[in-house]
Amino acid sequence: MLTSPDLEFIMEAHNGLSAKIVQEAGFKGLWGSGLSISAQWGVRDSNEASWTQVVGAVEFMSDATDIPLLLDADTGYGNFNNARRLVRKLEDRGIAGACMEDKLFPKTNSLHDGRAQPLATIEEFSLKIKACKETQHDPDFCIVARVEAFIAGWGLEEALRRAEAYRNAGADAILMHSKRKDPSEIEAFMKAWKNQGPVVIVPTNYYTTPTSHFRDMGVSMVIWANHNLRASVMAMQSVSAKIYKEQSLEGIQNQVTSVKEIFRLQNDQELVEAEKKYLPSN
C-alpha cells in the first residue's frame with residue numbers, strides 16, 4: 001500500500017473487535033494506534049502500557065482480520081536493541097509493519113499543548129532504523145519513520161534533514177507529523193521532498209483539508225488515527241449517562257447494537273460448526 005500509485009487509507013483500531021469492524025467497512029489496512037490501545041486500558045499514551053502488552057493487543061487484531069496492520073510503535077520502546085526485538089515479535093504475529101517516531105523514550109503524545117517534545121539525534125534514530133531493517137526476516141515488513149520535527153517546533157529544514165537521513169537509513173516510508181489546524185507544514189515538506197519516497201500523513205488536526213488536496217500533493221497514505229476510539233467513548237458516555245439517569249434500558253435500545261451482532265463479530269457460528277464436528281454426539 002505504501003508504494004501504490006493511488007492514495008491509500010488505513011483506519012485506527014485498538015482491539016480485535018474494532019479491527020474486524022474496520023475491515024468490514026472496506027478498509028485495506030489497519031492502524032494500531034498507540035493512543036487508542038493505551039486509552040482502552042485507561043492509561044496514558046506515555047509508554048505506561050508495556051511493549052509486550054501492546055504486542056498482545058495487536059495479536060488479537062491480527063487474528064481477527066486478514067488485512068495488513070501497521071503498529072504505532074512509538075519510539076520502539078527504548079534503544080535500537082528494544083526496537084529490533086520488537087520487530088522480531090511483530091513478524092512472529094504476522095504484523096505488516098511498525099511506525100517508529102524520533103522522540104525519546106518514554107514518549108509524549110504529539111497532540112498535547114505546551115508539552116516538551118525532546119527528539120533523538122538524527123544519528124541515533126537512523127541507526128535504530130538500520131538495526132530494525134537488518135533484523136527483519138520478512139522482506140515485506142515495513143518500517144515507517146515518523147518525523148516529529150514540526151511537533152517539536154524545529155521547522156522545515158530540520159524536518160527535511162531528518163526525513164532524508166531516515167530514508168537513507170532504510171525506512172520504507174516517512175510519516176510527516178503536524179498538529180497545525182491547516183496543512184501548511186505538510187505542503188511545505190511535500191514541495192521540498194520532491195517525491196524521494198512514500199509519505200504518510202495523519203490529518204487529525206487539519207481535518208477540514210479536502211482529501212483531493214492530499215492526492216495533489218503526492219501523499220502516499222492517510223491514517224485516520226483515533227476516530228473509532230473517540231466514537232466509542234462518546235457512545236459509551238451517552239448510553240451510560242442515560243441508563244444511570246433513567247434507571248431503565250428501554251430508552252437506549254435503538255442506540256446499541258444487538259447481542260446477535262456481537263456474536264457475529266466474534267465469529268460464533270464457526271464455533272457452533274466446530275462443536276458439531278469435534279465434540280462427541282452424546
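Everything below is about the structure printed above this text.
Report follows, based on the coordinates.

**What about empty space enclosed by the protein?**
A probe as big as a water molecule, rolled over the atoms, marks out the empty space that is left.
Thought 1: On inspection of all chains with the given rule, the structure shows two cavities of 30 Å³ or more.
Thought 2: Approximately 170 Å³ is the volume attributed to the largest cavity.
Thought 3: Considering only residue class, the lining of the largest cavity consists of five nonpolar, seven polar and four charged.
Thought 4: Of the pockets and cavities examined, the second largest cavity occupies roughly 80 Å³.

**Some words on unusual backbone geometry**
Thought 1: With an omega dihedral of -5 degrees, the bond running from F105 to P106 counts as a cis peptide bond.
Thought 2: By the element assignment, P106 lies in the loop between strand 4 (97-101) and helix 5 (122-135).
Thought 3: Phi angles above zero are rare outside glycine, and N47 is one such case at about 60 degrees.
Thought 4: Along the chain, N47 turns up in the loop between helix 2 (34-40) and helix 3 (51-63).
Thought 5: N47 gets classed as buried once you look at its relative accessible area, which sits at 14%.
Thought 6: In the Ramachandran plot, Q247 falls in the positive-phi region, its phi being about 50 degrees despite a non-glycine side chain.
Thought 7: With respect to the helices and strands, the residue Q247 is situated in the loop between helix 9 (227-246) and helix 10 (259-265).
Thought 8: Of the residues examined, Q247 reaches a relative accessible area of 73% and is grouped as exposed.

**Quick word on the pattern of salt bridges**
Thought 1: According to the stated counting rule, one finds 18 salt bridges in the structure shown.
Thought 2: For R264, the salt bridge identified is with E24, shortest N-O distance 2.8 Å. Taken together, the residues span a long stretch of sequence, with R264 in helix 10 and E24 in helix 1 (residues 16-25) at a distance of 240 residues.
Thought 3: Ionic pairing is found between E101 and R146, a salt bridge with its closest N-O pair at 3.5 Å. Note that E101 is positioned in strand 4 and R146 in strand 5 (residues 142-147), a separation of 45 residues in sequence.

What counts and how
- Residues numbered from 1 in each chain as written.
- Predicted model: local features only at pLDDT ≥ 70, side-chain atom pairs only at ≥ 80, totals over all residues.
- Heavy atoms only, no water.
- 1 Å grid on protein atoms, 1.4 Å probe; cavity = no way out; pocket = protein on both sides within 12 Å on 5 of 7 lines; lining within 4 Å.
- Points joined across faces, edges and corners; volume = space filled by probe spheres on them.
- Nonpolar A, V, L, I, M, F, W, Y, C, P; charged D, E, K, R; others polar.
- Helix = DSSP H or I, 4+ residues; strand = E, 2+ residues; numbered from the N terminus.
- Buried < 20%, exposed > 50% of the residue type's maximum accessible area, 1.4 Å probe, protein only.
- Salt bridge = Lys/Arg side-chain N within 4 Å of Asp/Glu carboxyl O.

Interpretation in functional terms is not warranted from these geometric data alone.
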